Amino acid sequence: MVGIASGRSQFAAMIFRGSFYDQKIAVRPPIFTFSRASIPMKFFVLPIVFALTILATGVSALAQNELFPFVISFDAPKNATNIAAELPRPAGKDGFVRVENGHFATDAGRIQFWGTNLCFGANFVDKDTADRLADRLARFGINCVRLHHLDMRDIWGKNFDRTMMQFDPEQLDRLDYLVSTLKTRGIYVNINLHVSRSLDERDGFPKNVNRPSHDKGIDNYYRPFIDANKKYARDLLEHVNPYTKTAYKDEPAVAMVEINNENSILCMWGGWGGLDKIEDPFLGVLQREWNDWLKAKYEDDAGLRKAWKARSEKPGMELLRNGDFPKGYTPAWDGWSWETNKNTDAPATNADGILKLDVRKKGDVQWHPQLVANGFTVKGDKLYTLTVKARADKAVSLNLGVRENHDPWGGLGFDTKIDLTPEWKIFQFTVSPEKNDGNTRVSIGGFQEGIVYEIDSVSFRQGGEIGLPRETGTGEISSLTRTSVPVIWKKDANRFPKEAVDDFCDFLVDIEAKYWDEMRLYLKDEIKVRQPVSGTQLQYGSTHAQAKMDYCDIHAYWNHPSFPGRPWDGNNWYLHNRALVNHLDKDILPALATSRVYDKPFTVSEYNHPYPNQYAAEGLPILAAFGAFQNWDGIFPFAYCHSKNTEPQMAGSFFDTAGNTVQMAHMIACKKLFCDGYNKQADGKTVVAPMSVEKEREIFKDKKHVYAFDFSGLGLDRRIALTNPVAVDVSGEVSVTPKADVIPKDCKVFSTAGLRYDMQTPEKGWFNAHTGLTALFTGFVEEGKTYPLITDFGISITFGKTNLGWTTVSVAPIDEKRFLLVATGQMLNTDMKLETLDGDKITVGNRWGKAPVRCEGIPAVITQKGLSKEDSEVSIKVWILDESGNRKQEIPVKRSGDEKLELELKPEYKTIWYELEIMK
């Protein structure tokens, strides 16, 4: 075994002499360290050829690097920005995609997908556009396209005004041609069935009012919708594509089929919400099924009352002082407080016995301002009645809770929302505290700026009634005999005993499981779909329900845009301009990984850092490297395009990558990071935690949402995923919770073979990866400071001054001699002006600027150190590439003695990518 330094030098010399594949040498691999198998020697080429150091340059004297137009061409020139030749053609030539050993495979072996999404009209372009689109996708190595939002409008075409049950032949022909031209270029498709169709009176269904968007949740139980979605699936999957001569269900170029996007009755009840606004016939059907479920469990009302511990207690003492807000009284720390801080502008006044709260500006912390009544005692075996009479000058919700008035300020089993309007409303709830507490508070929070609130009274008194509620109108206790036991909405859960809410949670899990079993069997046994099938995404519903499918899928976004007014209002939105590199130990990566179901293929079919987040270039390559380490099976950035304009000259939307130069430029590196460098030994090293049926239901009942069906719900530290492949087991074969190393709470540096996450400097995080033949650095950089890339081989990075103090750099192999180097920073459309709101919130409203998109050139000097004398036989040529990826100008590589090569990158080159070629 040779030493690291000497091994590196000898190995580099062999690379430069072109004799790598004829030589063998013992050297410690710089990528994932495995114990069960050796790494193919070809994986070692990149870190030796490009043991690079990026040094500060003298060109950064300007306060800001000038942005220059740079729109990546929409053709597919044969140059260093085109890896289409790597895609086996046609897609499906090696047989159907299937599941083997927990992963996707074909007759040629394991297959992974680096994909994208096409949405709405982008799936129905003319033939010339389809050909150019397919060429460009193949150029960047994209090998699967998720056909998304087919069903909202476009597929119905000229029929849309009268029906959403009959395809438009012209539109279907466009889709058929697109699929065929993708297939010829080695690109598979992922067919989504129900995504965004909302059936209505055009086809004899109820009018589309008071329903969740796209009928989410309802179509899990409402038979007419289920049958309509079955018809849609059969019509599409049994349709024979005239260009491939094959029905979609029998088409090997169809990689997978997804039944129902982001759709679960569990999520619509306990996650997103929205199911609680339904009316008949949807409400009546759900209530009948709920009552039938209760009858099957309890037989009669007597059994139900006993199980739910129904009881009533006579009204008793009032526990709040001044709860009727006598004339002139305002909260004054005498049992009441109007909690604010120095930056809050929210005067509280009382002129006529009505407490008026004029919230002009909120405070520095999320919960300011809030109204609190405190200093009383509750007992866990008693009932209390909480009554609030209030209104607001606009329709708005407030948070209402009964909580500890002391550290840790926890809840006592009652937290809800009340919906205010300009009219006075009385809200009354029965509260059954979870435990005794000697210092309790009633808290009213969630106040919004620009709204005036008025509160007439707040009462919290002993006594109340809990159990079976009374029927509206008759006042009788609801009954199974009359099928009148109401459904329990999450917002009203505090009005019912815990036993009742637990029952309703079980009912929802059962009704969802029944739906997914029915749809899976329909596709596989009746239509006889030959491709792997998924139901919906994990973290939307039951993991156990999805684990019955062929593979499991999930979605995630980093700082998704928010719409404080009307949903998807293009004028009124914001997003947080945050970089993931500062939060790698939280949120996205650990949550995704610890949701994965062990021994099932795992895909992320939607992911992005929505623009105009100025750090958007980091997202896809970070996920690609992380997904490779976790041994995932598919990643589909969301999205390539949402319209028939597939060749935009600017970044004109949150999600589309087609015109987003800084995302598309790294796409080849993403493909290489994910598909060429995956962790082959991950399955043998995976930390697997058991998630039993009972445990999943316990989590749902406790959290009343679906976002904890991962390590967090099991009480495990999700950060384990940063250094270990992870998954949950739902088969029952794993029964013991793994014992993982305890990670200190303040740990901000995580490192495993090939990956490093560094967040030790606040707001200056960075990430680097080396998988297979590809390298990545992304994060915040200080001018003149050195950052490691691959320590084993002396790779380090020292940047000049960048506009954001941040950059993303990737290096990817194109063939045995050529590499694509991409260095990106800031990107804005022409005349685009970012508006900064509170904190890190930004928006542009509908003012996205105009074409072309403009980019920053990154100042750097690339240095290779530690070369041997034998390396002097080798030279490296480097070219600036233009927007098409063609060689524009050769730039010099300086040699310093026999041990160092230097390549200077300059902003005035006005490029974001370079071609490097190794010459003898």
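Please read these numbers as outputs of a predicted model, since none were measured by experiment. All residue numbers here refer to positions counted from 1 along the written sequence of the relevant chain. In keeping with the model being predicted, local features are shown solely for residues with a pLDDT of at least 70 and side-chain atom pairs are shown and tallied solely at 80 or more, while totals for entire chains, interfaces and linings include all residues. Heavy atoms from the whole structure form the basis of all side-chain values; hydrogens and water molecules are not counted.

Some details on the packing of helix α5 (residues 223-237) against helix α9 (residues 498-527)
Then, in step 1: Axes here refer to lines fitted to C-alpha atoms; in helices the fit is confined to the stretch in contact. Angles between the N-to-C directions go from 0 to 180 degrees. Each helix is a run of DSSP H or I of at least 4 residues and each strand a run of E of at least 2, with the numbering of both proceeding from the N terminus. Relative orientation of the contacting elements α5 and α9 amounts to 30°, with a least axis distance of 11 Å. Taken together, α5 and α9 sit at an angle that is classed as roughly parallel. Considering how the two elements wind past one another, α5 and α9 form a crossing that is right-handed. On α9, the residues touching R223, I226, K230, A233, R234 and L237 of α5 are Y515, E518, M519, Y522, L523, E526 and I527.
Then, in step 2: Residues are grouped as follows: Ala, Val, Leu, Ile, Met, Phe, Trp, Tyr, Cys and Pro are nonpolar; Asp, Glu, Lys and Arg are charged; every other residue, Gly included, is polar. Per-class residue counts for the contact of α5 with α9 are eight nonpolar, no polar and five charged. The labels follow the angle: roughly parallel below 35 degrees, roughly antiparallel above 145, roughly perpendicular from 65 to 115, and oblique for the rest. What makes a crossing left-handed is the near helix being turned counterclockwise from the far one by less than a right angle; a clockwise turn instead makes it right-handed. Any two residues whose heavy atoms approach within 4.5 Å at even a single point are treated as in contact.

Focus on the confidence of the model for the chain
Any segment with low pLDDT has predicted coordinates that should not be analysed in fine detail.
Then, in step 1: When pLDDT is averaged across the chain, the result is 89; 91% of the residues are at 70 or more.
Then, in step 2: Each residue carries a pLDDT score, the predictor's confidence in it, ranging from 0 to 100. Predicted confidence for residues 1-63 stays below pLDDT 50, and this span has 172 contacts to residues more than four positions away or in other chains.

Overview of unusual backbone geometry
Then, in step 1: A cis amide bond links R89 with the next residue in sequence, P90, at an omega value of -10°.
Then, in step 2: Mapped onto the secondary structure, P90 falls in the loop between β2 (67-69) and β3 (98-100).
Then, in step 3: If you check the backbone angles, H149 has positive phi at about 60° while not being a glycine.
Then, in step 4: In this structure, H149 sits in the loop between β7 (144-148) and α4 (169-184).
Then, in step 5: The rule is simple: take the accessible area with a 1.4 Å probe, protein chains only, and divide by the maximum for that residue type; under 20% is buried, over 50% is exposed, in between is partly exposed. When its relative accessible area of 13% is taken as the criterion, H149 is described as buried.
Then, in step 6: Its identity as a non-glycine residue notwithstanding, N210 has a phi of 50°, on the positive side.
Then, in step 7: For N210, the location among the structural elements is in the loop between β8 (188-194) and α5.

Some points on the state of the cysteines
A covalent bond bridging the sulfur atoms of two cysteines is what the word disulfide describes.
Then, in step 1: Any two cysteine sulfur atoms lying within 2.5 Å of each other are counted as a disulfide. As enumerated under the stated definition, the model contains zero disulfides in all.
Then, in step 2: Free of any disulfide, C144 has its nearest neighbouring cysteine sulfur in C675, separated by 11 Å.

Brief notes about the nonpolar core
Then, in step 1: Nonpolar cores were defined as sets of buried Ala, Val, Leu, Ile, Met, Phe, Trp, Tyr and Cys residues, with membership established by side-chain atoms within 4.5 Å. Core analysis: the largest hydrophobic core is formed by 199 residues, its most contacted members being L236 and L523.
Then, in step 2: At 14 residues, α9 tops the list of elements feeding residues into this core.
Then, in step 3: The residues touching L236, leaving out its near neighbours within four places in the chain, are L150, I155, F167, L172, L175, I191, L193 and Y248.
Then, in step 4: Ranked by size, the runner-up nonpolar core spans 38 residues in total, among them W336, V396, I418 and F429.

Here we look at the packing of α9 against helix α16 (residues 693-703)
Then, in step 1: Between α9 and α16, whose axes approach to 10 Å, the crossing angle comes to 125°. Compared by their axis directions, α9 and α16 come out oblique. Between α9 and α16 lies a crossing whose hand is right-handed. For the pair α9 and α16, the contacting residues are D502, C505, D506, L508, V509 and D510 in the first and R697, F700 and K701 in the second.
Then, in step 2: A class-by-class count of the residues in the contact of α9 with α16 yields four nonpolar, no polar and five charged.

Quick word on the sheet that holds β3
Then, in step 1: As summarised here, the arrangement of the three strands in space is β3-β4-β5, forming an open sheet in which the pairing is antiparallel. Here the strands that pair on one side only, and so sit at the sheet edges, are β3 and β5 (109-110).
Then, in step 2: If DSSP finds at least two bridges between two strands, the strands pair. Relative to strand β4 (residues 103-106), β3 runs antiparallel, the two sharing three bridges. Note that in β4 the partner of V99 across the bridge is F104.

Observations regarding the layout of surface pockets
Then, in step 1: Within this scheme a cavity is a closed region of a 1 Å grid, computed over the protein atoms alone, that accommodates a 1.4 Å probe without allowing it to escape, whereas a pocket is open but has protein on both sides within 12 Å along at least five of seven lines; lining residues each have an atom within 4 Å of a point. Grid points are joined across faces, edges and corners, and a volume is the space filled by probe spheres set on the points. A volume near 850 Å³ is recorded for the second largest pocket.
Then, in step 2: What lines the second largest pocket is a set of 30 residues, among which P469, R470, D492, R495 and F496 lie closest to the centre.
Then, in step 3: Of all elements in the fold, only α7 (282-298), β19 (411-420), β20 (425-431) and β23 (464-466) reach the threshold of two or more residues within the lining of the second largest pocket.
Then, in step 4: The dominant element in the lining of the second largest pocket, judged by the number of residues it contributes, is β20, at five residues.
Then, in step 5: When its residues are assigned to classes, the lining of the second largest pocket shows twelve nonpolar, nine polar and nine charged.

Observations regarding the pairing of strand β16 (residues 370-378)
In summary, the side chains of a regular strand alternate between the two faces of the sheet.
Then, in step 1: As paired strands, strand β13 (residues 336-339) and β16 are joined by four bridges and run antiparallel to one another. Bridge assignment links W338 to a residue of β16, and that residue is L371.
Then, in step 2: Across six bridges, the pairing between β16 and strand β21 (residues 437-445) is antiparallel. Counted as the bridge partner of A373 is V442 from β21.

A word on the packing of aromatic side chains
Given two aromatic rings, their pairing is described by the distance between the two centres and the angle made by the two planes.
Then, in step 1: Each pair of aromatic rings taken from Phe, Tyr and Trp, with Trp reduced to its six-membered ring, is defined by centres within 6.5 Å and is described as stacked if the planes are under 30 degrees apart, edge-to-face if over 60, and tilted in the remaining cases. As enumerated under the stated definition, the model contains 49 aromatic pairs in all.
Then, in step 2: Between W290 and W293 the ring centres are 5.9 Å apart and the planes differ by 20°, which places this aromatic pair in the stacked class. Taken together, the residues span about one helical turn, with W290 and W293 both in helix α7 at a distance of three residues.
Then, in step 3: Given the relative accessible area of 18%, W293 is considered buried.
Then, in step 4: Ring centres of F563 and F654 lie 6.1 Å apart, and the angle between their planes is 80°; on these two criteria the pair is classed as edge-to-face. In this pair, F563 sits in the loop between β25 (552-557) and β26 (575-576) while F654 sits in the loop between β28 (634-637) and α13 (661-664), placing the two residues 91 residues apart along the sequence. Neither residue differs from the other here; F563 and F654 are each classed as buried.
Then, in step 5: Among the aromatic residues, those joined into a cluster by ring pairs are Y557, F563, W568, W573, Y611, F638, F654, F655 and W848.
Then, in step 6: For a Lys NZ or an Arg CZ to count as sitting over a ring, it must be within 6 Å of the ring centre and within 35 degrees of the ring normal. The ring of F160 carries R202 above its face, with NZ or CZ at 4.5 Å from the centroid.
Then, in step 7: Positioned above the aromatic ring of W879, the side-chain terminus of R887 is 3.6 Å from the ring centre.

So, the sheet that holds strand β41 (residues 841-843)
Then, in step 1: The antiparallel open sheet is built from three strands, whose spatial order is β26-β41-β40. The open sheet is flanked by β26 and β40 (835-836), the only strands paired with a single partner.
Then, in step 2: Summarising the sheet, β40 and β41 pair through two bridges and their orientation is antiparallel. Looking across to β41, one finds that E835 is bridged to T843.

Details of the side chain of T440
Then, in step 1: The topology assignment puts T440 in strand β21.
Then, in step 2: One polar contact links T440 to D437, side chain to side chain, over a distance of 2.9 Å.
Then, in step 3: Apart from residues no more than four positions distant in its own chain, T440 is found in contact with A373, N374, G375, F376, T377, V378, V402, R403, N405 and L412. What qualifies as a polar contact is a pair of N or O atoms within 3.5 Å, subject to a donor-acceptor requirement within protein and to the restriction that residues adjacent in sequence count only when both atoms come from side chains.

A word on the pattern of salt bridges
Then, in step 1: Each reported salt bridge corresponds to a side-chain nitrogen of Lys or Arg within 4 Å of a carboxyl oxygen of Asp or Glu. Scanning the entire structure with this criterion turns up 58 salt bridges.
Then, in step 2: With a closest N to O distance of 4.0 Å, E526 and R234 form a salt bridge. Here E526 is found in helix α9, whereas its partner R234 is found in helix α5, with 292 residues between them in sequence.
Then, in step 3: Taking the relative accessible area as the measure of exposure, E526 reaches 49% and is therefore partly exposed.
Then, in step 4: K548 serves as the salt-bridge partner of D517, at 3.2 Å between the closest nitrogen and oxygen. Remark: K548 occurs in the loop between α10 (543-547) and β25 and D517 occurs in helix α9; sequence separation between them is 31 residues.

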